[in-house]
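Listed below are the residues making up each chain.
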Protein chains: 2
Amino acid sequence: MNNITPSIILVHPQLAENVGMAARAMMNCNLSDMRLVSPREDHLSATAISASSGAEEILHQAKVFDSVQEAIADLQDVYATTARHRNQTKMVYTADKAATEMTKAIKQGLKCGLMFGPERTGLENDDVSLCDAIINIPLNPKHCSLNLSQAVLLVGYEFYKQQINTLDEQFVTNDTTIASKEKLQHFYDFLEVELNNCGNFSIDEKRPRMLRNLRNIFSRRSLTEQELNTLYGIINYLKQPHQK
Amino acid sequence: MNNITPSIILVHPQLAENVGMAARAMMNCNLSDMRLVSPREDHLSATAISASSGAEEILHQAKVFDSVQEAIADLQDVYATTARHRNQTKMVYTADKAATEMTKAIKQGLKCGLMFGPERTGLENDDVSLCDAIINIPLNPKHCSLNLSQAVLLVGYEFYKQQINTLDEQFVTNDTTIASKEKLQHFYDFLEVELNNCGNFSIDEKRPRMLRNLRNIFSRRSLTEQELNTLYGIINYLKQPHQK
């Protein structure tokens, strides 16, 4: 399978710093093809390189074009990212839905692009009309303005999530492993004996309920073997006669 | 229903600019409760206010604490955001799964928090151990370092998405509406008559196939009534005898 990722097209970006930060965001999301339409500042300036925080390779390989048309000429499926409502008859996707659609398009062999406008004004309507669809990133409508690199990051992140297959929750136990029920039962028995020895069960009828409560404390979240050992250790220590 | 959103706890943030940008990201995601644990710089400095891009209200209402323990004292469910692997026995969630879990917790009336470490070093292991779970934002493992405000933005964005109910795809038609099949059929008939008049169907056996192709062009994506009118208009114009 070809490993093609969408091109990032920055139309008339104003600040070299933002282009650099956009490169960093692209690298965060494993994107590599940056296309710049007549940037105002030099995208290889020291400011840009520094802002890219190690993603300067993307800046060095970036292609510069004179027009939006040239920048997207070889692409087949292009999305315009915009925060404002556009008076255009067009499909509007959330960022995650656009990532799903784009992933399907790429699997069909299409070359995709994501277009972002200048920092202050965003994309012009004529640029939007060249695109197949619009991406609206769902954000607080009272405060939805994003830095250019943050817009690149959010859309790129949604695309990246589609490419990977991460467990969305994972109980990390490192070198130890989750204790078996037998080991847990052994610990409950040990605890009961020790509590009995120290006189904790003076009222006999409360005993079953307290044991149930204790089991609930320790069974609620998986204990590892190492954690069981820690618990044995502290109980053994606690029951020793202390020097006063 | 109470409209509580998670608190954002920034542990020892170094730069006022980053605190300001984090406030902006919080406002993007409709979050309001910022908690700072001994920030190095003044979070109400001109730099911070300027970086917040209109989210200064969040900075003004931010609470400052001396320790992580005090900052999370009233919370019940706290997530540590970290890029590095931690040698701790802990549940690790992706950002979107954590957002789902946190949303459930909030619906149960729990007060939640999201903890972020200092820019260079991230959270200390002792801070992480105070938290219920870890959030790992899925990003390119070769380049996963994020600016503090970008980490806040990505996690906040995932939480925000859970709070809203947006159509993930929407065909925007503005003041017009999608043409009915009857209007579309009328247009096909009109097109056929005009093409016939101008001699387009000189080879009769090709006619059905060409009409099918034309219907496929215009039926593939929903045409609006306004767009149909535009098409009638250009065809009427094209068929007029031109002045040479």
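Since we're looking at a predicted model, the values are computed, not measured. (Residues numbered from 1 in each chain as written. Chains lettered and ligands numbered in written order. Predicted model: local features only at pLDDT ≥ 70, side-chain atom pairs only at ≥ 80, totals over all residues. Heavy atoms only, no water.)

Moving on, we get to the sheet that holds strand S2 (residues 34-37) of chain A. Sheet architecture is open: 8 strands sit in the order S3(A)-S2(A)-S1(A)-S6(A)-S4(A)-S7(A)-S5(A)-S8(B), paired in mixed fashion. What marks the edges here is a single partner per strand, and that holds for strand S3 (63-65) of chain A together with strand S8 (169-172) of chain B. Taking the axes of each pair of neighbouring strands and ignoring which way they run, one obtains an average angle of 25 degrees across the sheet. Bridge analysis of strand S4 (residues 77-81) of chain A against strand S6 (residues 112-116) of chain A gives 5 bridges, and the strand direction is parallel. Residue pairing across strands places Val-78 of chain A opposite Gly-113 of chain A, the latter belonging to S6 of chain A. In the packing of helix H5 (residues 95-107) of chain A onto the sheet, the strands contacted are S4, strand S5 (90-94), S6 and strand S7 (133-136) of chain A together with S8 of chain B, and the crossing angle to S5 of chain A comes to about 110 degrees. The sheet strands contacting helix H7 (residues 148-163) of chain A are strand S1 (7-11), S4, S6 and S7 of chain A, and the helix crosses S6 of chain A at an angle near 150 degrees. (Pairing = 2+ DSSP bridges. Helix = DSSP H or I, 4+ residues; strand = E, 2+ residues; numbered from the N terminus. Axes fitted to C-alpha atoms, helices over the stretch in contact; angles between N-to-C directions. Contact = heavy atoms within 4.5 Å.)

It is worth spelling out the side chain of Thr-103 of chain B at this point. Residue and element names in this part refer to chain B. Its location among the elements puts Thr-103 in helix H5 (residues 95-107). Here Thr-103 falls in the buried class, since its relative accessible area comes to 7%. Beyond its immediate chain neighbours, meaning those up to four positions away, Thr-103 contacts Phe-159, Gln-162 and Gln-163. (Buried < 20%, exposed > 50% of the residue type's maximum accessible area, 1.4 Å probe, protein only.)

Both copies of the chain are related by a screw-like operation: a rotation about an axis and a shift along it. Screw-axis analysis of chain A against chain B gives a translation of 0.0 Å along the axis, an RMSD of 0.1 Å, and a rotation angle of 180 degrees. Such a combination of rotation and displacement between the chain copies is what one expects of a two-fold axis. Taken as a fraction of all interface residues of chain A, those also at the interface in chain B reach 100%, which identifies the copy contact as same-surface. (Least-squares fit on C-alpha atoms with pLDDT ≥ 70 in both.)

Here we come to the nonpolar core. Core analysis: the biggest nonpolar cluster contains 86 residues, and Leu-10, Met-34 and Ile-137 of chain A together with Leu-10, Met-34 and Ile-137 of chain B have the highest contact counts within it. Discounting residues that sit within four places of it in the chain, Met-34 of chain A has contacts with Ile-8, Leu-10, Val-19, Ala-22, Ala-23, Met-26, Ile-58, Leu-59, Ala-62 and Lys-63 of chain A. (Core = buried A, V, L, I, M, F, W, Y, C linked by side-chain atoms within 4.5 Å.)

Moving on, we get to the pattern of salt bridges. Counted according to the given criterion, the structure contains 25 salt bridges over all chains. Lys-161 of chain B is the salt-bridge partner of Asp-96 of chain A, the closest N and O atoms lying 3.5 Å from each other. Taken together, the residues Asp-96 of chain A in helix H5 and Lys-161 of chain B in helix H7 (residues 148-163) connect one chain to another. We note a salt bridge from Lys-161 of chain A to Glu-158 of chain B, for which the minimum N-O separation is 2.5 Å. Here Lys-161 of chain A, found in helix H7, pairs with Glu-158 of chain B, found in helix H7, and the two come from separate chains. Relative accessible area serves as the criterion here: at 17%, Lys-161 of chain A is assigned to the buried category. By relative accessible area, which is 2% here, Glu-158 of chain B ends up buried. (Salt bridge = Lys/Arg side-chain N within 4 Å of Asp/Glu carboxyl O.)

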